[in-house]
Amino acid sequence: MYRPSRNVLRKNEPRFLDYRAHAVPLHVALSFSDIFGDMTPRNIFLDGNVHVNGAMETSHHRLVCRHADCITVNGVELPRPIPLPRYFICYKPRGVVCSSKRNEGIDRYDAVLISDWLRDVFSSNCNDTSTLDATTLKSIKTVGRLDEESEGLLLLTNDGSFCRLLTDPEFALKKKYRVVARGSGYSRLRGDAYVDNDDSMKEIAEEVVQIIAKGNSLNSHDNSSPHFPYESCNIIDVGKLTEQHPSDDSFYILLDLTLKEGKRHAVRRIIKNSGLRVCYLSRIEVEGLEGAYATKKPNSLAEAEEGSFIPGGRHRTKVPKGELQFHEPNNECMILEPGYLVELRENEVDGIFSLRR
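Our subject in this report is the structure included herewith. (Residues numbered from 1 in each chain as written. Predicted model: local features only at pLDDT ≥ 70, side-chain atom pairs only at ≥ 80, totals over all residues. Heavy atoms only, no water.)

**Things to note about the overall build of the protein chain**
Looking only at helices and strands, the protein chain has nine helices and 21 strands in total. Residues counted as buried form 46% of the 357 residues belonging to the protein chain. Put simply, of all contacts in the protein chain between residues at least 6 apart along the chain, 66% involve residues at least 24 apart. About 19,200 Å² of surface is accessible on the protein chain, with carbon and sulfur atoms providing 48% of the total. (Helix = DSSP H or I, 4+ residues; strand = E, 2+ residues; numbered from the N terminus. Buried < 20%, exposed > 50% of the residue type's maximum accessible area, 1.4 Å probe, protein only. Contact = heavy atoms within 4.5 Å. Areas by Shrake-Rupley, 256 points an atom, 1.4 Å probe, with all protein chains shown as cover.)

**A word on the nonpolar core**
Among the nonpolar cores identified, the biggest contains 44 residues, and L118, V179, V238, L255, L257 and L341 are the most heavily contacted of them. Counting residues in hydrophobic clusters, the runner-up holds 34 residues, among them L153, V286, A304 and M334. (Core = buried A, V, L, I, M, F, W, Y, C linked by side-chain atoms within 4.5 Å.)

**Observations concerning the sheet that holds strand 6 (residues 76–77)**
The four strands are arranged 3-2-5-6 in an open sheet whose pairing can be described as antiparallel. The sheet is open, and its two borders are formed by strand 3 (55–56) and strand 6, each paired with just one other strand. The pairing of strand 5 (residues 71–73) with strand 6 spans two bridges and is classified as antiparallel. Counterpart to T72 in the pairing with strand 6 is E77. (Pairing = 2+ DSSP bridges.)

**Quick look at the packing of helix 4 (residues 160–167) against helix 9 (residues 346–353)**
Between helix 4 and helix 9, the least distance of the axes is 10 Å, while the angle of their chain directions is 50°. One finds that helix 4 runs oblique with respect to helix 9. When you trace helix 4 past helix 9, the crossing you get is left-handed. Contacts from S161, F162, L165 and L166 of helix 4 reach helix 9 at V349, I352 and F353. (Axes fitted to C-alpha atoms, helices over the stretch in contact; angles between N-to-C directions. Parallel < 35°, antiparallel > 145°, perpendicular 65-115°, else oblique. Left-handed = near helix turned anticlockwise from the far one by under 90°.)

**Quick look at the environment of I114**
Looking at the secondary structure, you find I114 in helix 2 (residues 114–123). For I114 and G95, which are 19 residues apart along the polypeptide, the C-alpha to C-alpha distance reads 9.6 Å. Discounting chain neighbours no more than four positions away, the residues touching I114 are V96, V97, C98, S99, T142, L154 and L156.

**Notes on the packing of aromatic side chains**
The tally for this structure, following the rule as stated, stands at five aromatic pairs. Judged by centre distance (5.7 Å) and plane angle (75°), the rings of F88 and F122 are edge-to-face. On the criterion of sequence distance, the pair formed by F88 in strand 7 (residues 87–92) and F122 in helix 2 is long-range, its members being 34 residues apart. In terms of burial, F88 and F122 fall into one category: buried. Where Y280 meets F309, the ring centres are 4.9 Å apart and the plane angle is 70°; that geometry is what we call edge-to-face. Taken together, the positions of Y280 in strand 17 (residues 277–286) and F309 in the loop between helix 8 (301–306) and strand 19 (323–325) put the pair 29 residues apart, joining distant regions of the chain. (Phe/Tyr/Trp six-rings, centres within 6.5 Å; stacked < 30°, edge-to-face > 60°.)

Written out as structure tokens, the structure is:
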């Protein structure tokens with residue numbers, strides 16, 4: 001029976017490899033270098049200009065040793081050892097766009113591209129040992145996206161395998177979002193419950209859950225076929241704001257939504273399909289990093305109102321500049337504020353990779 005060399009990946013090998021290992025696919029090794037210029041790593045194999053230990057190599061799946069193998073492209077040797085991938089987590093503030101170029105007519109005039117935001121972060125920390133070189137900084141990409149008006153935890157890396165692991169529906173890692181939404185018809189929602197006691201508020205919360213489930217369903221008679229599947233919907237608080245006029249029959253909801261699939265604007269569309277409007281949206285948790293990083297977030301409508309998380313005080317201000325932070329060894333859970341950027345520790349990256357099913 002033919003057995004392929006273990007120096008070459010089989011076609012059905014898992015795509016979610018740990019690129020921190022000693023042996024990595026050749027095209028990955030090339031992607032960590034800017035030696036190929038404007039060409040993509042895979043295209044340079046067509047010209048036969050890639051050599052490993054003096055021999056021409058035509059398979060980009062070939063595994064190479066990070067420290068020992070000599071790789072040359074067009075006669076130029078890649079530096080050894082092959083650089084390790086980098087992993088970061090940040091609190092993306094509102095006004096930062098997770099895109100490589102500006103979308104005219106869509107992005108606000110004062111929006112900041114994530115690439116420009118990151119460049120400013122590392123240029124302001126140019127004397128730090130964790131600063132990225134120009135090639136690595138250029139290769140850093142966001143893992144998934146948060147839209148311009150959303151904020152919260154966002155992972156960044158130049159490791160394509162890590163990025164696929166977090167975004168591929170097959171592995172379906174969970175992300176939790178905290179939302180403040182506004183609806184109309186509070187008197188109708190309350191029904192006969194004229195006293196806001198625990199039982200009545202629990203009934204109202206259950207009614208809101210049903211409203212969201214029904215609004216997100218493809219079948220009006222069955223909630224089992226949702227437009228955008230979500231794992232859970234937890235209502236934290238429902239009610240009016242203290243400054244609302246008595247004749248104003250609108251109400252606000254503070255809730256947590258947990259999703260596995262990160263479809264475009266999924267959270268906003270779930271809320272919109274339910275006849276509600278998003279006032280505030282933040283990603284507060286990523287599976288695998290629970291307990292390691294947290295964000296400042298409202299835990300009640302009163303806190304949301306006082307902290308200006310909802311209209312009346314939360315108008316767009318100048319986008320906060322990014323700030324490189326460090327996770328103290330004795331600090332179990334680090335609270336991230338808008339603009340904070342932290343490099344993940346090795347055990348945290350291990351924890352995410354360990355979630356592979």
